[in-house]
Amino acid sequence: MASPQQISVSMSYSRSSSNQVLVLNCGSSSLKFAVMNPRDGSVSVSGIGEALGQGEPVVSWKIDGDRQSTSLPKDTRHTEVIRFLVDEILAGHPDLGDQLIAIGHRVVHGGEKFSHSVLIDDAVIKAIQECVALAPLHNPAHLAGIEAAKDAFPKLPQVAVFDTAFHQSMPRHAFIYALPYALYRDNGIRRYGMHGTSHRFVTERAAELLNLSVNEVSIISAHLGNGASITAVRNGRSVDTSMGLTPLEGLVMGTRSGDVDPGLLMHLGSRMDYCLKEINDLLNKKSGLLGISELSNDCRTLEKAAEDGHDGAQLALEIFCYRLAKYIGSYHAVLPQVDALVFTGGIGENSSLIREKVMNQLRGIGYAVDGEKNARARFGEEGPISADHSAVTLVIPTNEEWVIARDAAELVSPHIPDSGPSSRE
Ligand code: ADP
């Protein structure tokens, strides 16, 4: 089995190992950052600013294995966190700041405009602005982060990596809803899908593990975290995915309902006097594992409670697995051939219980779990968990930051002058 070091060797750019990328993930009230070596995914600095624009902002970070955190003034937003990173964290390690070659931004929504990562210029910023209606909480935060990063690092190229980009290869019959076509044509209402960066990472990694090239690998990728989505990948390209116009569609998630009868919305509005905001809160924040169990959205808590006999926790886990198994079955109908089912995300990477339940549900179509391998595949362990006679099933820890760092490095590498023979491989 290839190690992460072996994967990095296959990457197409060949530059000094000292080149680093600053990866930024700006949420509506948080900013995650990491300084990463795009060749091997090693991280020298990582951290998060939280409660931005609300309550008591705090920034915590890890550098050279050393963890620190401090509170920041009340009005701290993305700009101030990036300034803190430059003035307080990187300033103490000038070698690191000097090695930065690019900044890679995670951008949730690129609409139909982006099927790949791009260098950010004014036209890209305008296009991200035009997608604000599709991601009203995320895209404005990304734009704020891009502006702040431009101010703090005026000389560094910036790259946008879109969660939606990987799914732009879906065919029309998979992304058009059965609604009046004008809603798509005039308003862009369609399935876009999310978690594309993660589905792409595990696709590439699965190809490595299966000794196939990326453009010949076909997998079903189940990204199971607090948000969860599943993607059918044919010949390395997404051909269907469970999230839709918004991240609400599809699988049961931590607090999101996933698929429901759309008639429910009219029922809640006209019969039960829910307003739109209440319906939004109900479906996005109060449903899913939390709503069913009436206990928690956290899979670990539910597993423990289910073991202790908590009925709600048992039911929540049953429904989560049943619905996931149904999607996997339907994606077998989408794909002419499936080289592997892949589990990733916090639940997919760690919960042997969920994986076992799902695979047992799928016995009829050839899945069988290997108990020992399944129990071992936790806490970052990668590998197969299927029995010898089973349809191949893998656990692959995802690494979206690494995809962002790699894309950023690949897009900027033609512009980087060689710093000398020692910078060559
Ligand atoms: P996010 O979507 O917020 O990035 P993560 O990918 O971190 O979420 O996944 C969070 C989920 O993973 C939570 O439901 C958590 O309980 C679950 N999880 C993490 N570790 C384990 C574990 N050891 N066993 C079962 N579930 C786990």
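Heads up: the structure comes first, above all this text.
Here is what the cut-offs are and how they apply
Residues numbered from 1 in each chain as written. Predicted model: local features only at pLDDT ≥ 70, side-chain atom pairs only at ≥ 80, totals over all residues. Heavy atoms only, no water. Near = heavy atom within 4 Å. Polar contact = N/O pair within 3.5 Å; in protein donor to acceptor, adjacent residues only side chain to side chain. Helix = DSSP H or I, 4+ residues; strand = E, 2+ residues; numbered from the N terminus. Nonpolar A, V, L, I, M, F, W, Y, C, P; charged D, E, K, R; others polar. Buried < 20%, exposed > 50% of the residue type's maximum accessible area, 1.4 Å probe, protein only. Arc of directions from axis to C-beta. Core = buried A, V, L, I, M, F, W, Y, C linked by side-chain atoms within 4.5 Å. Contact = heavy atoms within 4.5 Å. Pairing = 2+ DSSP bridges.

## Let's talk about the site of the ligand
Then comes step 1: Residues in close proximity to the ligand total 15 residues, the closest being Asn 226, Asp 298, Cys 299, Arg 300 and Gly 346.
Then comes step 2: At 2.5 Å from an oxygen atom of the ligand is found a side-chain nitrogen or oxygen belonging to Asp 298.
Then comes step 3: Contacts to the ligand include Arg 300, whose backbone N or O atom sits 3.2 Å from an oxygen atom.
Then comes step 4: Counting only elements with at least two residues in the shell around the ligand, the list comes to α12 (299–307) and α14 (345–350).
Then comes step 5: Among the elements that make up the shell around the ligand, the one with the highest residue count is α14 (four residues).
Then comes step 6: Residues that form the shell around the ligand fall into these classes: three nonpolar, eight polar and four charged.

## Examining α12
Then comes step 1: Along α12, the residues that are buried comprise Cys 299, Leu 302, Ala 305 and Ala 306. Viewed end-on, α12 has its buried residues packed into an arc of 125°, placing them on one side of the element. Opposite the packed face of α12, turned more than 90 degrees from it, sit the exposed residues Arg 300, Lys 304 and Glu 307.
Then comes step 2: A distance of 2.9 Å separates the backbone nitrogen of Arg 300 from a side-chain oxygen at the start of α12, and that oxygen is part of Asp 298.
Then comes step 3: Positioned one or two residues after α12, Gly 309 has a phi angle of 95°, which is positive.

## Details of the nonpolar core
In summary, soluble globular proteins display a tendency toward joint burial of nonpolar side chains.
Then comes step 1: In this structure, Leu 224, Ile 230, Phe 320, Leu 324, Ile 328, Phe 343 and Val 358 are the most contacted members of the largest nonpolar core, which totals 40 residues.
Then comes step 2: Those elements giving two or more residues to this core turn out to be β9 (219–224), β10 (228–234), α12, α13 (311–334), β12 (340–344) and α15 (352–361).
Then comes step 3: Element by element, the count of residues in this core is highest for α13, at ten residues.
Then comes step 4: Beyond its immediate sequence surroundings of up to four residues, Phe 320 is in contact with Leu 224, Val 252, Leu 289, Ile 347 and Ile 354.
Then comes step 5: Formed by 28 residues, the second largest nonpolar core is a distinct cluster that contains Phe 33, Val 45, Ile 63 and Leu 100.

## Things to note about the pairing of strand β8 (residues 158–162)
Then comes step 1: Within β8, five of the five residues are buried, which leaves the element mostly enclosed by the surrounding structure.
Then comes step 2: Side chains Gln 158, Ala 160 and Phe 162 of β8 all project onto a buried face; the interleaved residues Val 159 and Val 161 project onto the opposite face, where all are buried too.
Then comes step 3: Judged from the five bridges that link them, strand β6 (residues 100–107) and β8 form a sheet pairing that is parallel. Its bridge partner lying in β8, Val 107 is registered against Phe 162.
Then comes step 4: Sheet topology note: the strand β7 (residues 118–119)/β8 ladder contains two bridges and is antiparallel. For Val 118, the partnering residue across the bridge sits in β8 and is Ala 160.

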